[in-house]
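Listed here are the chains, written in short residue letters.
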Amino acid sequence: MSVITSLNKRAANLAQKALRLGGDFVHPVSDDSGNTPDYNNPSNIISPDGHIDLPHTVEWGEGFPSTTFLDPETGLLTTKTEGQPPLDEGTTIYDIYANRAERMGDEPLYTYKSDSEWVTKTGNEVLADIRQIAKGLMHYGLKKGDGVAFMCRTSYEWDVFDAAVMACGGVLATIYDTDSAEQIRNIVNNSDSRLLVVETTDMRTKADGAEKECPTLEHIICFENGGLDEIMAYGSGVSDEELDARIDSIKKTDLCSIVYTSGSTAAPKGVEMTHEHYCTTALNLPVYMPQLLHEKKKNVLLFLPQAHSFARAINYICVASELHIYIAQGIKTLIADLQVAKPSVMIVVPRVLEKVYNAASQKAGHGAKGVAFAAAVVAAQNYMKEVSAKGKASALTKARRMAFDPMVYASLREVLGGRAQWIVAGGAPLDPELMAFFRGAGVPVYEGYGLTETTAPCAFNPLGVPYHQGSVGVAFPGFELRIAEDEEIQVKGTAVFPKYHKNEEASEDSFTEDGWYRTGDLGRIDDDGFLYIIGRKKDLIITAGGKNVSPGPIEEAIKRCEFISQALVLGDKRPFISALVTLDEESLRPWLESKGLDRNMSMEDAANNAAVRAEVQKWVDQANEGVSRAESVRKFEILDEEFNQQDGTLTASLKVVRPKVLQRYADVIENVIYAPKPSNRPLPKTVQILDRTTETVKQASESMRQASESVSPKVRQAFDTMQERIKKQSDEPDDETAPSVEPSATKNNEER
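From a predicted model like this one, the values you see are computed outputs, not experimental measurements.

(A) Up close: the pairing of strand E21 (residues 488-493). Two elements, strand E20 (residues 479-483) and E21, share five bridges in a ladder whose sense is antiparallel. When the bridges of E21 are listed, Glu-480 appears paired with Lys-492. In sequence, E20 turns back onto E21 through a hairpin of four residues, with Glu-487 there showing a positive phi of about 75°. The pairing of E21 with strand E22 (residues 517-525) spans three bridges and is classified as antiparallel. Following the sheet pairing, Val-491 is matched in E22 by Tyr-517.

(B) Inspection of the pairing of strand E2 (residues 64-70) at higher detail. When you tally the buried positions in E2, you get five out of seven residues, the bulk of the element. Across four bridges, strand E1 (residues 56-61) lies against E2 in antiparallel orientation. Bridged to His-56 within E2 is Thr-68. Taking the residues that link successive antiparallel strands as the turn, the E1-E2 hairpin has two residues, and the phi of Gly-63 there is positive, at about 85°. Pairing between E2 and strand E3 (residues 77-81): five bridges, direction antiparallel. Residue Thr-68 lies in a different strand from E3, and its bridge partner there is Thr-79. In this antiparallel pair of consecutive strands, E2 and E3, the connection spans six residues, and Gly-75 shows a positive phi of 75°.

(C) Layout of the nonpolar core. Grouped together as the largest cluster of nonpolar side chains are 147 residues, with contacts concentrated most on Tyr-97, Tyr-110, Leu-137, Phe-161, Trp-422, Phe-437 and Phe-438. The leading source of residues in this core is helix H4 (residues 156-168), at 10 residues. Ranked by size, the runner-up nonpolar core spans 29 residues in total, among them Val-581, Leu-592, Ala-606 and Val-633.

(D) Spatial organisation of the pattern of salt bridges. Scanning the model with the defined rule gives 34 salt bridges in all. With a closest N to O distance of 3.0 Å, Asp-244 and Arg-131 form a salt bridge. Pair noted here: Asp-244 is in helix H9 (residues 240-249) and Arg-131 is in helix H3 (residues 123-139), with a separation of 113 residues, a long-range link. A relative accessible area of 32% means that Asp-244 is categorised as partly exposed. A salt bridge links Lys-502 to Asp-192, with the nearest nitrogen and oxygen atoms 3.0 Å apart. Remark: Asp-192 occurs in the loop between helix H5 (181-191) and strand E8 (193-198) and Lys-502 occurs in the loop between E21 and helix H19 (504-509); sequence separation between them is 310 residues. Look at the salt bridges and you will find they share partners, linking Arg-351, Glu-354, Lys-355, Lys-559 and Asp-584 into a network.

(E) Spatial organisation of the sheet that holds strand E17 (residues 449-451). Strand order in this open sheet of three strands is E17-E18-E19, and the pairing throughout is antiparallel. Lying at the two open borders of the sheet, with one neighbouring strand each, are E17 and strand E19 (474-475). Sheet topology note: the strand E18 (residues 456-460)/E19 ladder contains two bridges and is antiparallel. Within E19, the position partnered with Phe-460 by the bridge is Val-474.

(F) Representation of the environment of Asp-208 within the structure. Assignment of secondary structure puts Asp-208 in the loop between helix H6 (201-207) and helix H7 (210-213). On the accessibility criterion, Asp-208 (43% relative accessible area) is partly exposed. Within the structure, the side chain of Asp-208 is placed 2.6 Å from the side chain of Arg-204, a separation counted as a polar contact.

(G) Just the packing of helix H14 (residues 350-364) against helix H15 (residues 368-390), in detail. It is at 7 Å that the axes of H14 and H15 come closest, and there the two elements cross at 140°. Two secondary-structure elements touch here, H14 through Tyr-357, Ala-360, Ser-361 and Ala-364 and H15 through Lys-369, Gly-370, Phe-373 and Val-377. Of the residues in the contact of H14 with H15, the class split is five nonpolar, two polar and one charged.

(H) Geometry of helix H8 (residues 227-234). Buried within H8 we find Gly-227, Leu-228 and Ile-231. Along the axis of H8, the buried positions cluster into a sector of 100°, meaning they face one direction only. Away from its buried face, by an angle of more than 90 degrees, H8 presents the exposed residues Asp-229 and Ala-233. Tucked into the core, H8 has its buried residues touching H3, H4 and strand E9 (219-222).

(I) Expanded view of the state of the cysteines. Enumeration over the complete set of coordinates arrives at zero disulfides. The thiol sulfur of Cys-256 is not disulfide-bonded, and the nearest other cysteine sulfur, from Cys-279, lies at 7.8 Å.

(J) The arrangement of the side chain of Gln-306 in detail. Mapped onto the elements of the fold, Gln-306 is located in the loop between strand E12 (299-302) and helix H12 (309-320). For Gln-306, the contacting residues outside a window of four places in its chain are Thr-154, Ser-155, Trp-158, Asp-159, Ala-311, Arg-312 and Asn-315.

(K) Region of interest: a negative patch on the surface. A cluster of acidic residues, Glu-504, Glu-505, Glu-508 and Asp-509, forms a negative patch on the protein surface. Relative to the helices and strands, Glu-508 is located in helix H19.

(L) Examining the packing of aromatic side chains more closely. One pass over the full model with this rule turns up 26 aromatic pairs. An angle of 40° between the planes, with centres 4.8 Å apart, marks the rings of Phe-576 and Tyr-674 as tilted. Here Tyr-674 lies in the loop between helix H25 (666-673) and helix H26 (685-708) and Phe-576 lies in the loop between strand E26 (564-570) and strand E27 (577-583), a separation of 98 residues in the sequence. Per residue, the accessibility class of Phe-576 equals that of Tyr-674, and both read buried. Pairwise contacts between aromatic rings join Phe-64, Tyr-288, Trp-422, Phe-460, Phe-476 and Phe-479 into one cluster. Here the guanidinium or amino end of Lys-269 rests over the ring plane of Tyr-500, the centre of that ring lying 5.1 Å away. Positioned above the aromatic ring of Tyr-532 is the side chain of Arg-524, whose terminal nitrogen or guanidinium carbon lies 3.9 Å from the ring centre.

Calculation rules
Residues numbered from 1 in each chain as written. Predicted model: local features only at pLDDT ≥ 70, side-chain atom pairs only at ≥ 80, totals over all residues. Heavy atoms only, no water. Pairing = 2+ DSSP bridges. Helix = DSSP H or I, 4+ residues; strand = E, 2+ residues; numbered from the N terminus. Buried < 20%, exposed > 50% of the residue type's maximum accessible area, 1.4 Å probe, protein only. Core = buried A, V, L, I, M, F, W, Y, C linked by side-chain atoms within 4.5 Å. Salt bridge = Lys/Arg side-chain N within 4 Å of Asp/Glu carboxyl O. Polar contact = N/O pair within 3.5 Å; in protein donor to acceptor, adjacent residues only side chain to side chain. Axes fitted to C-alpha atoms, helices over the stretch in contact; angles between N-to-C directions. Contact = heavy atoms within 4.5 Å. Nonpolar A, V, L, I, M, F, W, Y, C, P; charged D, E, K, R; others polar. Arc of directions from axis to C-beta. Disulfide = S-S within 2.5 Å. Patch = residues over 30% accessible without salt bridge, like charges linked within 9 Å, V, L, I, M, F, W, Y side chains within 5 Å. Areas by Shrake-Rupley, 256 points an atom, 1.4 Å probe, with all protein chains shown as cover. Lys, Arg positive; Asp, Glu negative; His and termini not counted. Charge placed at Lys NZ, Arg CZ, Asp CG, Glu CD. Phe/Tyr/Trp six-rings, centres within 6.5 Å; stacked < 30°, edge-to-face > 60°. Lys NZ or Arg CZ within 6 Å of the ring centre and 35° of its normal.

In structure tokens, the structure reads:
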């Protein structure tokens, strides 16, 4: 050990003692003032540990009561939040943009990067672009109800083209910008699209030949080759009156989009969405949270793929509000874009927050600064846990948390732009410990819950609700949630989809007899009406011993290791629980260096490195502490590659595709994790005796055979008879259940 390493270690130990940080610290990875997290005044908090008589009603959004009750017909615990009255029959997505232009025509609507420069478009300019594109599509011959398959990253072009298709009455079939050539064709065929529109020449290459393979496809248009400009140019040949007549012919119940599920648990399905679905969601939230969304000085940064229902619904919500929308260049430039946009509102997936946390942890390092950061994490978590349990934190806990604000929490808030008021995490489960850290650090992270089938959010944590550790919030305005007898979360509301496209069987299986959508997720609702996700029915593991295991909590606990990117728990119909683990190379390299190991070793070497395995084992052991022995991970295997979208093991929204992982790593699972072990147990005495007896009989039989060849037929016949008897004897059972062979019997056999 070098002198510097020794001094760093000593400094870390002294810092650990000074900060009263236990040696068992674990990293959790999974208001603008900076002094207090954004949650409700303790005097307004309903006691989470006290029983509440039902029905119970509270208003988290003024004029929109949330009620939790036992349904008298089903006896199921149910919660609902009132929304706005039903929409007019002619309300469409185009109206959201037209209304924005009418309200704030000269105010900024979108700001985005174009040719290395940030460009801003006003509400009037955006509406003009939408109308010009819509007229161009009509010139192409696009009719009401025609399918348009669209492959494009999140961008200004995505938003205006989408709105233009909606204005024409077209049906947009969304394709992720990372989808394969086969997936493009599957979506074009399933949606019966007449047009396939792609953003880049690389995407166009993937689409080559699709016109011949997809019967309904007539044209492929590429923006990068001037396709969007061409559409807009042709728009001059269609009058405003013709477009307005088309817009007026569209009704709220008309099909407007087919959005394909991520396929994380099964094959992707096309979810049919109407204008009413998106408009109901978009128009409900701004009036529910006017203090945040009806404020011209606030803005939002969008970067998630809008082919996903979550990001698309959020875009419509923002257009219906007064927020100024910034569009990031992509996930790789997110940190730089945050400094430009300085958003008040952000929509993220948990993986983004995990990367922010890991970056902060790596910057702190593993010496004295690292120990101080770890202490700050614990202080933030303890603060929020006390708030969750008691409604407020003790004076000592508050003081301890505030001590870390200037040197840790403030810089974290600055990384996220410094003005965040509402950061909504969705698309996948967020580790409750990670949530507690961010909230305790004054970073206003709120978790929500929804599915493609519910037009994204059906539960959320709005500003002002009390902090409930691990909860995804209350029912979104216009939704009802209930917990079935088997703990499945079931949903009802105007924004719930009607059916899957061309898939009657899946559609029928997705709804109960009384019309509630079966989400497939498991959960519970507390007396306050807050929803908690506890697992997924399709992910539920049933071991060979009959033990039901929900993998989610175990996976979350393992992923708290700073260099683990994914953990997939296995064990369905198996004798024990196991896990596949992937490494985050970006986080791993600094860790290796801090341990005096080769920072540049290959990922294959790292996956087999004893120190790396020991560190992973530590986190597996900690995960096992929270479950029974039957649920504990007995064996794990570290992979030398990460799950990714290219091989289909990760969705575009960064969710693990379990079936694809099981298929891709079947050899590892079968021949490494669950390979049968050779038995070293000695054979039982009875079997040993029978084995010796059988060998003796075989030797005697062979001697008789040789002798029989030289004797007369009569004698030979006698020998054959004798041999038959011996054969019968040698065929006696020889397993552990065979009867004991007495010594006398063995002796008589030998004499015979």
